Amino acid sequence: MTGTTIKAPLAVCAAVIEKEGKVLLTQRPHGKQQGGFWEFPGGKIDPGESPHQSLKRELSEELAIEIEIDSLLETVYYHYDWGSVLIIAYLCRWTAGELAHIEVADHAWATPEQFSGYHILPADQPILDRLRSRYSEKSTKMNRKREKEMSQSTS
Ligand SMILES: Nc1nc2c([nH]c(=O)n2[C@@H]2O[C@H](COP(=O)(O)OP(=O)(O)OP(=O)(O)O)[C@@H](O)[C@H]2O)c(=O)[nH]1
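Our subject in this report is the structure included herewith. (Residues numbered from 1 in each chain as written. Predicted model: local features only at pLDDT ≥ 70, side-chain atom pairs only at ≥ 80, totals over all residues. Heavy atoms only, no water.)

Some points on the overall build of the protein chain
What counts is decided by this rule: Only DSSP runs of H or I covering at least 4 residues are called helices, and only runs of E covering at least 2 are called strands; the numbering of each starts at the N terminus. Each residue's exposure class comes from its accessible area (1.4 Å probe, protein chains only) as a fraction of the maximum for that residue type: buried when under 20%, exposed when over 50%, partly exposed otherwise. Residue contacts are defined here by distance: any two heavy atoms, one from each residue, within 4.5 Å place the two residues in contact. In this tally, Lys and Arg are treated as positive and Asp and Glu as negative; His is ignored, and so are the chain termini. Every charge is mapped onto a representative atom, which is NZ of Lys, CZ of Arg, CG of Asp or CD of Glu.
Per the secondary structure count, the protein chain includes two helices and seven strands. In terms of principal-axis extent, the alpha carbons of the protein chain reach across some 80 × 40 × 30 Å. The buried share of the protein chain, taken over its 155 residues, is 38%. Considering only contacts in the protein chain between residues 6 or more positions apart, those separated by 24 or more positions represent 67%. The distance from the centre of the 18 positive side-chain charges to the centre of the 22 negative ones in the protein chain is 6 Å.

So this is what it looks like as structure tokens:
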């Protein structure tokens with residue numbers, strides 16, 4: 001009997017680290033699968049690891065930084081031609097370490113308006129959308145606050 005083997009999606013964790021309205025993106029090493037694409041730092045969850053353990057390990061191995069994980073931002077299921085991935089993306093804080101390019105080709109801090117200037121892995125689209133709406137909500141709140149303060153100071 002012939003047939004294709006159906007594999008479980010690859011479990012992947014990703015860190016969304018914010019700094020002054022920008023988000024950390026990293027570029028995959030050129031020799032690796034999907035090399036040259038931009039993504040959120042992270043990687044495969046190894047057997048026996050929790051997503052949080054995995055994310056902390058990956059950030060230390062890839063960038064030499066330590067992080068704290070604050071909350072779940074988004075989960076994504078995406079099918080590539082080589083198989084599928086289930087990505088769990090967390091909002092994180094960089095707490096220690098000097099960022100080094102150990103297992104990444106490059107890094108960048110990008111505002112949501114700048115995301116389109118990077119070739120970001122297609123699976124990350126829902127994470128990017130979530131961040132765009134998060135930032136536009138934040139700026140609406142800031143504008144409302146500013147308008148309120150201005151109207152109070154002029155009355
Ligand atoms: N880290 C990360 N991986 C992502 C993202 N989006 C996305 O589709 N992926 C996919 O998830 C998979 C993660 O595998 P990886 O190769 O980065 O994992 P890893 O660091 O453990 O690699 P290794 O096998 O060389 O140790 C890749 O196939 C990658 O294409 C993302 O934003 N961050």
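Text resumes after the structure shown.
Here's the deal with the site of the ligand
Convention followed: Note on terminology: near, applied to a residue and a molecule or strand, indicates that one of the residue's heavy atoms is within 4 Å of it. N or O atoms closer than or at 3.5 Å make up a polar contact, with two conditions inside protein: a donor-capable atom paired with an acceptor-capable one, and, for residues adjacent in sequence, both atoms drawn from side chains. In these tables, accessible area is a Shrake-Rupley quantity obtained with a 1.4 Å probe, and a residue counts as shielded only by the protein chains included in the view. Here a cavity means grid points, on a 1 Å grid over the protein atoms only, where a 1.4 Å probe fits yet cannot get out; a pocket means an open set of points with protein on both sides within 12 Å along at least five of seven lines; lining residues are those with an atom within 4 Å of a point. Just a note on the criterion: a molecule sits in a pocket or cavity if more than half of its atoms are within 2 Å of the grid points.
As a matter of local geometry, the ligand sits amid 19 residues, with Gln34, Phe40, Lys44, Tyr80 and Asp124 nearest to it. Here Glu39 contributes a side-chain N or O atom positioned 3.3 Å from a nitrogen atom of the ligand. When the ligand sits alone it has 640 Å² of accessible area, and the protein chains cover 84% of it. Under a 2 Å grid-point criterion requiring more than half of the atoms, the pocket assigned to the ligand is the largest pocket. Only β4 (42-44), α1 (51-63) and β6 (83-96) provide two or more residues apiece to the shell around the ligand.

Here we look at the nonpolar core
Here is the rule: Remark: nonpolar core denotes a set of buried residues (Ala, Val, Leu, Ile, Met, Phe, Trp, Tyr, Cys) joined through side-chain atoms within 4.5 Å.
Counting 24 residues, the largest nonpolar core has Val16, Phe40, Ile87, Phe115, Ile127 and Leu131 as its most contacted members. Looking at this core, the elements with two or more residues in it are β1 (10-19), β2 (22-27), β5 (66-80), β6, β7 (106-110) and α2 (125-154). Discounting residues that sit within four places of it in the chain, Ile127 has contacts with Val16, Phe40, Leu73, Glu74, Val76, Ile87 and Ala89. One finds Leu24, Leu55, Leu63 and Ile65 within the second-largest nonpolar core, a separate group that totals 16 residues.

Re the pattern of salt bridges
Side-chain pairs of opposite charge can arise where the charged atoms are in close proximity. The following threshold applies: In what follows, salt bridge is the name for a side-chain nitrogen of Lys or Arg lying within 4 Å of a carboxyl oxygen of Asp or Glu.
Scanning all chains against the criterion turns up ten salt bridges. The partner of Glu18 in a salt bridge is Arg134, and the shortest N-O contact between them spans 3.1 Å. With Glu18 in strand β1 and Arg134 in helix α2, this residue pair connects regions lying 116 residues apart in the sequence. Note on Arg134: relative accessible area 26%, which makes it partly exposed. When the shortest N-O distance is used, the salt bridge between Glu74 and Arg130 registers 3.2 Å. One end of the pair, Glu74, is in strand β5; the other, Arg130, is in helix α2, and 56 residues separate them in sequence. With relative accessibility at 16%, the residue Glu74 sits in the buried group. Salt bridges here are not isolated pairs; linked through shared partners, they connect Asp46, Glu49, Arg57, Glu58 and Glu61.

Let's talk about the side chain of Glu58
Mapped onto the fold, Glu58 is located in helix α1. With a relative accessible area of 8%, Glu58 lands in the buried category. A distance of 3.4 Å separates polar atoms of two side chains, one belonging to Glu58 and the other to Arg57. Residues contacting Glu58, with those up to four places away along its chain left out, are Gly42, Gly43, Lys44 and Leu63.

Some thoughts on the packing of aromatic side chains
Basically, it comes down to this: The pairing test for Phe, Tyr and Trp rings, Trp by its six-membered ring, is centres within 6.5 Å, and the orientation test on the planes gives stacked under 30 degrees, edge-to-face over 60, and tilted for anything in between.
Going through the model one piece at a time under the given rule, you end up with four aromatic pairs. Note on Trp94 and Trp109: the rings are 6.2 Å apart at their centroids and 0 degrees apart in plane angle, and the pair reads as stacked. Linking Trp94 in strand β6 with Trp109 in strand β7, this pair joins segments that are 15 residues apart in sequence. The partly exposed category is assigned to Trp94, whose relative accessible area is 31%. Under the relative-accessibility criterion, Trp109 is labelled buried at 18%. Taken together, Tyr78, Tyr80 and Trp82 form an aromatic cluster joined through their ring pairs.

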